[in-house]
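# Results of the structural survey
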Amino acid sequence: MSRSTRAIIDPDALRTNYRQLKPANGAGAIAVIKADAYGHGAVFVARALGAECDCFAVAICEEAVPLRAAGIVHPVLILEGPHDAEDCNIAARENFILMVHNRYQLNWLSKLSDTKRPRVWLKVDTGMHRLGFAPDEIATLFEEYQWLKRTECVLASHFACADEPQDDFNTHQFARFNEVAETLGLPICMANSAATLTQPMSQGMWCRLGIGLYGASPVNGVSAEEYGLVAAMQLKAQVIALHNVARGESVGYGRDWVAPRDSVIATVGIGYADGYPRHCPSGTPVIIRGQRAPLVGRVSMDMITIDVTGIEGVALQDDVELWGARLPVDEVAGWAGTISYELISRVSSRVPRDSR
Ligand SMILES: Cc1ncc(COP(=O)(O)O)c(C=O)c1O
């Protein structure tokens, strides 16, 4: 099998980013490895971080079970909590922590004895309005569900606008959250990557590190490099064809791009079925022979076309970087009208992951 399209994952970058983001105040740092570690491979990332990682988080129980099967022994937080009563049993057996956000979940857990009940954190809705109990409901829950007093409960919440540190809503959310936590004397877990970097007051006992761990910028308008973060994924493919295209000829579906001059066009073996975004317009940069070249024409399912006119020596099988250390994924996401999270987590299963 010869197509060389690959996502190359750098374990050193993951470790560097984890150390860079881990709060100096002693707060625990939870590595968020949901969605197959944002496309990087959950087991690979868990092993790369190894013993120095305090805890992992995934969205659902199904993502946590394979970690145990792979020998990962760390605490694992399930961000959506249980989806049914059986998830509670699995969590107890596998020592997962359930982040509980509704009464259905509390009722399933109430049916278990103290010794058979997994650890529970409570999710508070401070304004995201996605998951969680209302702040003024929390004290009542501790009365209704007495067993909560016997767990090492942590209060968790999630910022809606952490990527915009100046947004007043961050202060508003944290104030609501902290008031409940202080009244009940409970530890907190609120900060994601962006808040960990920009709102130290929210670091609390635990922070949850996702995008920054993978070396993309968590904060709008600030590059990953400025935060000392290093790209953990390089997406690369090779030139599979070269064509001379005369001025006035078009390239690709819909004849969207017409050569403004006699051009050399390289066809590269990656397309939207591999997770390269179909929305990338002509002009989106790639790196070939150490230089930037623009995408031209529409992205196809298995191929893209780039204009390599004037780049010395381009040849079949040349490596092309779609994003990575030399071309920030944040920049490509900007061209595609989306965010780095979507690009890295959507690299498809057709693309083998290799380690650097
Ligand atoms: C509940 C929750 N916590 C933490 C994170 C990690 O956030 P980030 O990737 O911005 O660091 C996410 C990411 O989606 C999340 O949904």
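Cut-offs used in this document
Residues numbered from 1 in each chain as written. Predicted model: local features only at pLDDT ≥ 70, side-chain atom pairs only at ≥ 80, totals over all residues. Heavy atoms only, no water. Helix = DSSP H or I, 4+ residues; strand = E, 2+ residues; numbered from the N terminus. Polar contact = N/O pair within 3.5 Å; in protein donor to acceptor, adjacent residues only side chain to side chain. Domains from an automatic or database assignment. Contact = heavy atoms within 4.5 Å. Buried area = accessible area lost by both parts, 1.4 Å probe. Core = buried A, V, L, I, M, F, W, Y, C linked by side-chain atoms within 4.5 Å. Buried < 20%, exposed > 50% of the residue type's maximum accessible area, 1.4 Å probe, protein only. Arc of directions from axis to C-beta. Phe/Tyr/Trp six-rings, centres within 6.5 Å; stacked < 30°, edge-to-face > 60°.

## Description of the side chain of Thr151
Following the sequence through the fold, Thr151 ends up in the loop between helix H7 (138-144) and strand S7 (155-156). Here the side chain of Thr151 touches Leu148 through a polar contact of 2.8 Å, landing on its backbone oxygen.

## Some words on the domain arrangement of the protein chain
Partitioning the protein chain into structural domains gives domain 1 (11-219) and domain 2 (233-355). Taking only C-alpha atoms into account, the centre of domain 1 sits 37 Å from that of domain 2. Listed per partner, the contact involves nine residues of domain 1 and nine residues of domain 2. The junction of domain 1 with domain 2 conceals about 820 Å² of combined surface from both sides, 62% of it contributed by carbon and sulfur atoms. On inspection of domain 1 and its partner domain 2, the count reaches three residue pairs in polar contact (both at pLDDT 80 or more).

## A word on the nonpolar core
The biggest cluster of nonpolar side chains holds 114 residues, and the ones touching the most others in it are Ile33, Leu122, Tyr276, Ile304, Leu322 and Trp323. Here this core gathers at least three residues from each of two domains, domain 1 (11-219) and domain 2 (233-355). In contact with Tyr276, not counting residues within four places along its chain, are Ile270, Gly271, Thr284, Val286, Leu295, Val299, Ile304, Leu322, Trp323 and Val332. Core analysis: the second largest hydrophobic core is formed by six residues, Val245, Val251, Ile265 and Val296 among them.

## Side note on helix H1 (residues 11-21)
Residues of H1 that are buried include every one of Pro11, Ala13, Leu14, Asn17, Tyr18 and Leu21, and no others. Seen from one end, H1 has its buried residues packed into an arc of 160 degrees, which puts them on one side. Where H1 is buried, its residues meet strand S1 (6-9), strand S2 (28-32), helix H3 (42-49), helix H9 (193-198), strand S9 (206-209) and strand S18 (353-355). Here H1 starts with a cap whose side-chain oxygen sits 2.9 Å from the backbone nitrogen of Asp12, and that cap is Asp10.

## Let's talk about the packing of aromatic side chains
Counted according to the given criterion, the structure contains five aromatic pairs. Residues Tyr145 and Trp147 carry aromatic rings whose centres are separated by 6.3 Å and whose planes lie at 75 degrees to one another, so their mutual orientation is edge-to-face. Taken as a pair, Tyr145 and Trp147 share a single burial class, namely buried. With 6.4 Å between their ring centres and 15 degrees between their planes, Tyr276 and Trp323 make a pair best called stacked. Separated by 47 residues along the polypeptide, Tyr276 in the loop between strand S13 (263-268) and strand S14 (285-288) and Trp323 in strand S17 (residues 319-323) bring together distant segments of the chain. Both residues of the pair, Tyr276 and Trp323, count as buried. Here a set of aromatic residues connected by ring pairs shows up, and it is made of Tyr38, Tyr214 and Tyr341.

## A word on helix H5 (residues 85-94)
Burial in H5 covers these residues: Asp87, Cys88, Ile90, Ala91 and Glu94. One face of H5 carries all of its buried residues, which in axial projection span an arc of 165 degrees. Sitting at the amino-terminal end of H5 is Asp84, which places a side-chain oxygen 3.2 Å from the backbone nitrogen of Glu86. Phi turns positive, to about 60 degrees, at Asn95, one or two residues after H5.

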